[in-house]
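# A look at the structure
Below, each chain spelled out in residue letters.
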Protein chains: 2
Amino acid sequence: MTPTVTRNVLFVMCDQLRADVLSCYRPGGALQTPNIDRLAALGVRFDRAHVSSAVCGPSRASYYTGRYPVSHRVTWNRVPMPIDEWSLGDYLAQHGRECHLLGKTHFVPDDRGMKQRGLDVSGAAAVRFRQGGFTPIERYDGHFEMQADSPYRQHLLARGYDSDRPWEDYVIGSLDTDGAFASGWYLRNAGLPARVDRRDSETAYLTDRAIDFIQAKGESPWTLHLSYIKPHWPYKAPAPYHAMFGPADCAPPVRSARERSHPHPVQAAYQKHEESEAFAHDTAWQTIKPVYLGLVRQIDDEFGRLLDVLDAAGRMQDTLIVFSSDHGDHLGDHWLGEKEVFFDSAMRVPLIVYDPDARAAGTRGTVSHAFAECVDVVPTILDALGMLPRSQRIEGQSLLPWLRGETTGTLREITVGTLDYAYREARLTLGRGVDESHGTMVRDDRYKLMLWQGYRPQLFDLHDDPDELHDIGNDPATAPVHRRMREALDDWHARRRQRATESDADVVLRTHAHERMMNILIGRW
Amino acid sequence: MTPTVTRNVLFVMCDQLRADVLSCYRPGGALQTPNIDRLAALGVRFDRAHVSSAVCGPSRASYYTGRYPVSHRVTWNRVPMPIDEWSLGDYLAQHGRECHLLGKTHFVPDDRGMKQRGLDVSGAAAVRFRQGGFTPIERYDGHFEMQADSPYRQHLLARGYDSDRPWEDYVIGSLDTDGAFASGWYLRNAGLPARVDRRDSETAYLTDRAIDFIQAKGESPWTLHLSYIKPHWPYKAPAPYHAMFGPADCAPPVRSARERSHPHPVQAAYQKHEESEAFAHDTAWQTIKPVYLGLVRQIDDEFGRLLDVLDAAGRMQDTLIVFSSDHGDHLGDHWLGEKEVFFDSAMRVPLIVYDPDARAAGTRGTVSHAFAECVDVVPTILDALGMLPRSQRIEGQSLLPWLRGETTGTLREITVGTLDYAYREARLTLGRGVDESHGTMVRDDRYKLMLWQGYRPQLFDLHDDPDELHDIGNDPATAPVHRRMREALDDWHARRRQRATESDADVVLRTHAHERMMNILIGRW
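Residues numbered from 1 in each chain as written. Chains lettered and ligands numbered in written order. Predicted model: local features only at pLDDT ≥ 70, side-chain atom pairs only at ≥ 80, totals over all residues. Heavy atoms only, no water.

## Quick notes on the overall build of chain A
Looking only at helices and strands, chain A features 20 helices and 15 strands. Scaling as 2.2 N^0.38, a compact globule of 525 residues should have a C-alpha radius of gyration of about 24 Å, and chain A matches this with 23 Å. Once the C-alpha set of chain A is aligned to its principal axes, its extents read approximately 95 × 60 × 55 Å. In chain A, which comprises 525 residues, the proportion classed as buried is 66%. Partitioning the intrachain contacts of chain A with sequence separation of at least 6 by distance along the chain shows that 70% fall at a separation of at least 24. (Helix = DSSP H or I, 4+ residues; strand = E, 2+ residues; numbered from the N terminus. Rg over C-alpha atoms; globule rule 2.2 N^0.38 Å. Buried < 20%, exposed > 50% of the residue type's maximum accessible area, 1.4 Å probe, protein only. Contact = heavy atoms within 4.5 Å.)

## Considerations on the pairing of strand β14 (residues 447-452) of chain B
All names here are of chain B. Burial within β14 is extensive, with six of its six residues counted as buried. Burial along β14 is two-sided: the face carrying Y447, L449 and L451 and the face carrying K448, M450 and W452 are both buried. Here strand β13 (residues 438-443) hands over to β14 after three residues, the two strands then running antiparallel side by side. The pairing of β14 with strand β15 (residues 458-461) spans four bridges and is classified as antiparallel. Paired with Y447 across the two strands is D461, which belongs to β15. The turn linking β14 back onto β15 is made up of five residues, and G454 within it adopts a positive phi angle of 85°. (Pairing = 2+ DSSP bridges.)

## What to know about the relation of the copies chain A and chain B
In screw terms, the move from chain A to chain B is a rotation of 180° and a rise of 0.0 Å along the axis, fitting with an RMSD of 0.0 Å. On the angle and the small slide along the axis, the relation comes out as a two-fold axis. Across chain A, the smallest distance between a C-alpha and the rotation axis is recorded for D120 of chain A, namely 2.5 Å. Taken together, the interface assignments show that 100% of the residues at the interface of chain A recur at the interface of chain B, consistent with an identical surface on both copies. (Least-squares fit on C-alpha atoms with pLDDT ≥ 70 in both.)

## Side note on the sheet that holds strand β8 (residues 223-231) of chain A
Residue and element names in this part refer to chain A. The strand order across the open sheet formed by eight strands is β5-β3-β8-β1-β9-β10-β2-β11, and the pairing between neighbours is mixed. Only two strands of the sheet have a single neighbouring strand rather than two, namely β5 (134-139) and β11 (366-368). Sheet twist, expressed as the mean angle between neighbouring strand axes with direction ignored, is 20°. Summarising the sheet, strand β9 (residues 319-325) and strand β10 (residues 351-354) pair through four bridges and their orientation is antiparallel. Paired with V322 across the two strands is V353, which belongs to β10. Against the sheet, helix α1 (residues 34-42) engages β2 (44-46), β9 and β10, with an angle of about 55° to β10. Relative to β9, helix α15 (residues 377-384) is tilted by about 175°, and along the sheet it contacts β1 (8-15), β9 and β10. (Axes fitted to C-alpha atoms, helices over the stretch in contact; angles between N-to-C directions.)

## Brief notes about the UniProt feature "domain: Sulfatase N-terminal" (unreviewed entry) in chain A
According to UniProt, the "domain: Sulfatase N-terminal" (unreviewed entry) feature falls on residues 7-387 of chain A. Taken end to end, residues 7-387 of chain A is 35% helix and 14% strand, and its two terminal C-alpha atoms sit 11 Å from one another. (UniProt positions renumbered as here; feature names shortened; annotations may be inferred.)

## Description of unusual backbone geometry
All names here are of chain A. The peptide bond linking K230 to P231 adopts the cis configuration, its omega dihedral lying at 10°. Checked against the element boundaries, P231 lands in strand β8. Here the bond from W233 into P234 is cis, since omega is 0°, no more than 30 degrees from zero. Within the secondary structure, P234 sits in the loop between β8 and α10 (257-261).

## Let's talk about the nonpolar core
Residues F46, Y63, L351 and I381 of chain B are the most contacted members of the largest nonpolar core, which totals 81 residues. Two domains each donate at least three residues to this core, and these are domain 1 (8-147 + 193-412) and domain 2 (414-494) of chain B. With residues near it in sequence (within four places) discarded, Y63 of chain B still touches F11, M13, V51, S324, S325, D326, V349, C374, V377 and V378 of chain B. Grouped together as the second largest cluster of nonpolar side chains are 80 residues, W76, L403, V434 and L489 of chain A included. (Core = buried A, V, L, I, M, F, W, Y, C linked by side-chain atoms within 4.5 Å. Domains from an automatic or database assignment.)

## Remarks on the packing of α1 of chain A against helix α13 (residues 282-312) of chain A
Residues and elements named next belong to chain A. Their axes nearest at 7 Å, the elements α1 and α13 cross at an angle of 55°. When the axes of α1 and α13 are compared, the pair comes out oblique. Contact residues: α1 offers P34, N35, I36, R38 and L39, while α13 offers R297, D300, D301, F303, G304, L307 and D308. Within the contact of α1 with α13, the residues separate by chemical class into five nonpolar, two polar and five charged. (Parallel < 35°, antiparallel > 145°, perpendicular 65-115°, else oblique. Nonpolar A, V, L, I, M, F, W, Y, C, P; charged D, E, K, R; others polar.)

## Overview of the sheet that holds β13 of chain B
Residue and element names in this part refer to chain B. Ordered in space as β12-β13-β14-β15, the four strands form an open sheet in which the pairing is antiparallel. Strand pairing shows two members of the sheet lacking a second neighbour, β12 (415-420) and β15, which therefore form its edges. Averaged over all pairs of adjacent strands, the angle between strand axes in this sheet comes to 10°, irrespective of strand direction. Note that β13 and β14 share five bridges and pair antiparallel. Across the sheet, V442 pairs through a bridge with L449, a residue of β14.

## Describing the packing of aromatic side chains
For the structure shown, the criterion picks out 38 aromatic pairs over all chains. Ring centres 4.8 Å apart and planes at 85° place the aromatic pair Y64 of chain B and F134 of chain B in the edge-to-face group. One end of the pair, Y64 of chain B, is in helix α2 (residues 56-65); the other, F134 of chain B, is in strand β5 (residues 134-139), with 70 residues separating them in the sequence. In terms of burial, Y64 of chain B and F134 of chain B fall into one category: buried. With centroids separated by 5.3 Å and ring planes inclined at 70°, the aromatic side chains of Y140 of chain B and Y152 of chain B adopt a geometry described as edge-to-face. With Y140 of chain B in the loop between β5 and α7 (151-158) and Y152 of chain B in helix α7, the pair connects residues that are twelve residues apart, well separated along the chain. Using a relative accessible area of 0% as the deciding quantity, one classes Y152 of chain B as buried. Through pairs of rings, three or more aromatic residues link up here, namely F11, Y63, Y64 and F134 of chain A. Stacked on the ring of Y186 of chain A, the Lys or Arg R188 of chain A has its end atom at 4.6 Å from the ring centre. A cation over an aromatic ring shows up here: R255 of chain B above the ring of W335 of chain B, its NZ or CZ 4.3 Å from the ring centre. (Phe/Tyr/Trp six-rings, centres within 6.5 Å; stacked < 30°, edge-to-face > 60°. Lys NZ or Arg CZ within 6 Å of the ring centre and 35° of its normal.)

## Points about the interface of chain A and chain B
Of the residues lining the interface, 83 residues belong to chain A; the matching set on chain B comes to 83 residues. Buried area between chain A and chain B, summed over both chains or domains, comes out near 8,300 Å², and the portion from carbon and sulfur atoms is 53%. A salt bridge links E274 of chain B to R524 of chain A; its shortest N-O distance comes to 2.6 Å. The tally of links between chain A and chain B comes to 41 residue pairs in polar contact (both at pLDDT 80 or more). (Buried area = accessible area lost by both parts, 1.4 Å probe. Salt bridge = Lys/Arg side-chain N within 4 Å of Asp/Glu carboxyl O. Polar contact = N/O pair within 3.5 Å; in protein donor to acceptor, adjacent residues only side chain to side chain.)

## A short note on the environment of P231 of chain A
All names here are of chain A. The class for P231 is buried, based on a relative accessible area of 0%. For the pair P231 and L17, spaced 214 residues apart in the sequence, the C-alpha separation amounts to 6.1 Å. With near-sequence residues (within four places) excluded, P231 lies in contact with D15, Q16, L17, Y292, L295, V296 and I299.

## Thoughts on the pairing of strand β8 (residues 223-231) of chain B
Residues and elements named next belong to chain B. Of all nine residues in β8, nine are buried; the element is thus mostly enclosed. Pairing between strand β1 (residues 8-15) and β8: six bridges, direction parallel. Considered in β8, the bridge of F11 is made with H225. Note: strand β3 (residues 99-103) against β8, four bridges, orientation parallel. Paired with L101 across the bridge in β8 is H225.

## Examining the pattern of salt bridges
With the rule as written, the count across this model stands at 113 salt bridges over all chains. Between R38 of chain B and D308 of chain B there is a salt bridge, with the nearest N and O atoms lying 2.7 Å from each other. Residue R38 of chain B is located in helix α1 (residues 34-42), and its partner D308 of chain B is located in helix α13 (residues 282-312); the two are separated by 270 residues in the primary sequence. According to the relative accessible area criterion, D308 of chain B is partly exposed, its value standing at 42%. By sharing partners, the salt bridges in this structure join R67, R73, D84 and E85 of chain A together with R67, R73, D84 and E85 of chain B into a single network.

Given below as structure tokens:
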């Protein structure tokens, strides 16, 4: 073990943030994100980072456990986490540390499963159990009116936003040109400014709390998950962000006529979702996309404020910073709204890692084209703190050897994503059962294969067709590609960490050990 | 729901019993099994029943949970069961019932995992937790010298088998022709009689305890798992079973010269195991196989005694009986000893189900060629008791509709098996890591495909080659078969019950429910 100076971790997650709107990911756009770019200049920007599922719940469970959805089994939003899964905070607790939380996790504990099996939990372990391993400073999942005891709600009321429903009335509420209330739940109202001062909006509030926490910690080590709510819908920004960009500043959706006239059955069902039909109209994306860019700009501004605090406090010397998002947002691409299905607009995310260690000097400001995945975050954090266990559970890999230029080897040959669309209208449209609505994506350097239970596969050649507009899944000439990708998937399945209750070291110890450990002879003549 | 008269369940499991040694499965051999055949005449004999893994631990975990090893994650012997898994006894406990145990389960609880997460369990739930859902009358896993407090050990001592190690000295111990001690651990001694009276041997002892239990229960309903230790090694039978059969009564091993001269790498590594090298000599199988048949004959005799007791007590009217085994035994087939790899000698097991219900009258004595699997036992038992939950966990299917002639539909198109050989010498021989030693078998009506991590697949055409001697995995003409089998496997993976913490009914309730249940609008213009 080499010594490390890293004592703190700041793990920033955005919600529904596409990689390609950040100026470090796609320079030349109207939106500039100088502060996120500043982090990229200090660290490594992973250009081909993918989530394991483009849905909040499963993606976050992968970020927090370092495991794929087939392993942690949180296949969709609010599916309770099985009680035998370990999260970042559980690993840290083995070293007397904790992971504080500000913002969203989408985590639901399996309290009912515990009770049914007669299991109980108490003390600090109970907090971790019910909060997915985190120690909440303030958990705030967003997208709903808040409970009465929510500190953010208290903050809004104290600041004079007087209402029974301050979130709906102010945070996502607007007044139209006639002075009538215009709810942020309706896309048509997105361009109107929120009725909160930008300093009282969700992004600023959570940043303030993060600054409070970091300043209160002083020289004591800490790990903080700052989990922003935005730019997730309802698309609603406070002034000046609501009007910072216009339709001309936004790229039109990436979509072809043929995608709509000859869609794959699952894509067709998703195209019929209300959000997809809305985004099919130019008016919708021309209304939403400018606000989306404004919300991202606000994140950048607030993140810059936080970086300044870290810098002034000397914390850039000893703090690992991870910046990412739980998935993207189609925003009309492929005739889709929202996320879920396997196009890059949903599966590809920003991932920037700043390693304060001197050994990372050689990679600062560089770009990695490795297939980094959300499952790599937990092992990277634990590795930076010198706490990386030889875990039989963690499926991701520490990125530190790549951050420190200790290897230039391939991180992984393929990236895999899964989707359980049992909960979505698409399943009803297709008339499928709750266990007949599974999708799997395999992507290698060139191709992306999408397997859909009960339907033909889709295939895209990302070299010839980086926008994923030409589905060649039915082309007989691609049979060798199908075969190779399926073989890679079979191998991927074989490598899942199913044997999670026994350490690899114990497996080694128990290998060919019947005589040595148990005085058993097998087959001795 | 139609009324059922079934109140009791007798679930008999043998250990390492091949299907094809029973006379109901292969008539005309020297070994007659009239009592097992009697059960087959009363019930349905499944001719193509398979286990999910040919290793005790994972196979039993599948029998007891109704789930495949990729789901319950007990991938080998003594891998602790993850704490969120449910066993037969856990389901019965929801109805105030329990599943009593006599004999082997190979179950190991994940006490360490519980403690590390700060979880606790107490009361009746603690017994179930630590015994895999069972309520032990007497747990006896066999194959080891017993602990001091073992009732079977006490029984042996009381019967005059005086020793610190009564199991090693008497139950598997013999005297050679010179009167010297000859341990049953050595195959060369298999033909010598055990030093216990047959009535004090493991099979008879467990049968006695089962009879005691059933008679004590009287008219009270019960569920009993009677889990015999035999004919698992050490191959050692008491008189007269040790000498009931000779080499001429046994079929020679099914194996070809080419299997040995040109083996697949994984098969080659298994062929180098001590037990495989022993069975490669004719002397070995000619010594072992007669004893194996004798041990099976003893099971048949004892099982007949149990059937007589059930009959005399009127219990055949209200007792579901399941007879099966956790896997087979290669016994020299394919130049292999033991089990594990995917040939029928290990994967195919006897499965006979007697349903006392009048609705099963039409199928009595019939043979089913459906791909029944060990995962079907739990749902069949629960169904017979009227307790089959709409479980999101159980992956097997109730066989009752087939037993009652209510359907003639296909039970399943393929049967799948898995192997984690991390713990075996074969892994060391091949120089592979503990997560690089996974095998998967897919079998359909005609073909059996074996996938080996890091090596080429094996393929067998069971119509043309029922003995699995000609590996056609490398034949380019079989590419379409490979493709079809891999597609079936991908679909199988998609259907695994990963979403185990939420009921299917709740999934249905939560489908497309964001507006109805949560007042959330997504994408409304």
